[in-house]
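# Breakdown of the fold
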Amino acid sequence: VELYAMNRFERGDAMQFSLHPALRNKRFIEKGDTIGAIQSNEIAFRLTELSGELTRAMASRRLYEAGEKPALLEEARQAVIRAETRAAEHQKVVDRLQQLYERQLISEQEIQLARGEQDVYNTDIAIAHAQLQARETGSRQEQIDVSAAEIDALQQSIETLRERLRHQTIVA
């Protein structure tokens, strides 16, 4: 005996042993011949379950990496254009008020108020650009990394179950 392994079966697990089809035509069994295999409904069920979870996890990862739908991207692009247009139009007002201020035709308070509004418009541009970028790039990298780790764990679990199935093959 070169190797002896024991497999403890779960209670309620329906087990089945089947002879290898090649043995039916053989009169003698030789070393290395596959005699048969034990099938476990519990392992088969768990493999099917894990395969489904893996498929869902891979779809989630693709979703996280994909970014937003085209209509939402276009809306974000239009928001950038609108913010830039508002800022450009208001900059013209600031420029005119600056000339009036230099000629002392308006108060310092008026020009400061206009400059403050310009800062708000410039901030709106930055916000619109950030929202566009967030929609273009998809989810945060941390979320994508968690999804990748989940996929790896599921693949390892599936491989472990497949290895258990290989150990349930009886070889002479």
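Rules behind the numbers
Residues numbered from 1 in each chain as written. Predicted model: local features only at pLDDT ≥ 70, side-chain atom pairs only at ≥ 80, totals over all residues. Heavy atoms only, no water. Helix = DSSP H or I, 4+ residues; strand = E, 2+ residues; numbered from the N terminus. Buried < 20%, exposed > 50% of the residue type's maximum accessible area, 1.4 Å probe, protein only. Contact = heavy atoms within 4.5 Å. Areas by Shrake-Rupley, 256 points an atom, 1.4 Å probe, with all protein chains shown as cover. Pairing = 2+ DSSP bridges. Axes fitted to C-alpha atoms, helices over the stretch in contact; angles between N-to-C directions. Salt bridge = Lys/Arg side-chain N within 4 Å of Asp/Glu carboxyl O. Expected span 1.5 Å × (residues − 1).

### What to know about the overall build of the protein
Assigned secondary structure in the protein consists of 4 helices and 3 strands. Scanning the protein from its N terminus toward the C terminus, one meets helices and strands in the order β-β-α-α-α-α-β. Taken across its 172 residues, the protein has 20% of its residues classed as buried. Relative to all contacts within the protein whose residues are 6 or more apart in sequence, the contacts with residues 24 or more apart total 75%. Carbon and sulfur atoms make up 52% of the accessible area of the protein, which amounts to about 13100 Å² in all.

### Side note on the sheet that holds strand β1 (residues 15–19)
Sheets are built from strands that pair by backbone hydrogen bonding, the pairs being arranged parallel or antiparallel. Spatial strand order, β1-β2-β3: 3 strands in an open sheet with antiparallel pairing. Only two strands of the sheet have a single neighbouring strand rather than two, namely β1 and β3 (169–171). Taken pair by pair, the neighbouring strands of this sheet meet at an average axis angle of 20°, ignoring direction. Relative to strand β2 (residues 34–40), β1 is paired through 5 bridges, and the arrangement is antiparallel. Bridge assignment links Gln16 to a residue of β2, and that residue is Gln39.

### What about the pairing of β2?
Sheet topology note: the β2/β3 ladder contains 3 bridges and is antiparallel. Its bridge partner lying in β3, Gly36 is registered against Ile170.

### What about the pattern of salt bridges?
Taken as a whole and judged by the stated rule, the model has 4 salt bridges. Between Glu74 and Arg77 there is a salt bridge, with the nearest N and O atoms lying 3.7 Å from each other. Pair noted here: Glu74 and Arg77 are both in helix α2 (residues 70–102), with a separation of 3 residues, about one helical turn. Overall, Arg77 belongs to the partly exposed group, its relative accessible area being 35%. Note that Lys92 is salt-bridged to Glu89, the shortest N-O span being 3.4 Å. Here Glu89 and Lys92 lie together in helix α2, a separation of 3 residues that amounts to about one turn.

### Examining helix α4 (residues 141–167)
In this model, α4 (27 residues) spans 39 Å end to end at C-alpha, consistent with the 39 Å of a helix rising 1.5 Å per residue. By the burial criterion, the buried members of α4 are Ile144, Ser147, Ala148, Ile151, Leu154, Ile158 and Leu161. The secondary structure elements touched by the buried residues of α4 are α1 (41–66).

Keep in mind these values describe shape, not function.
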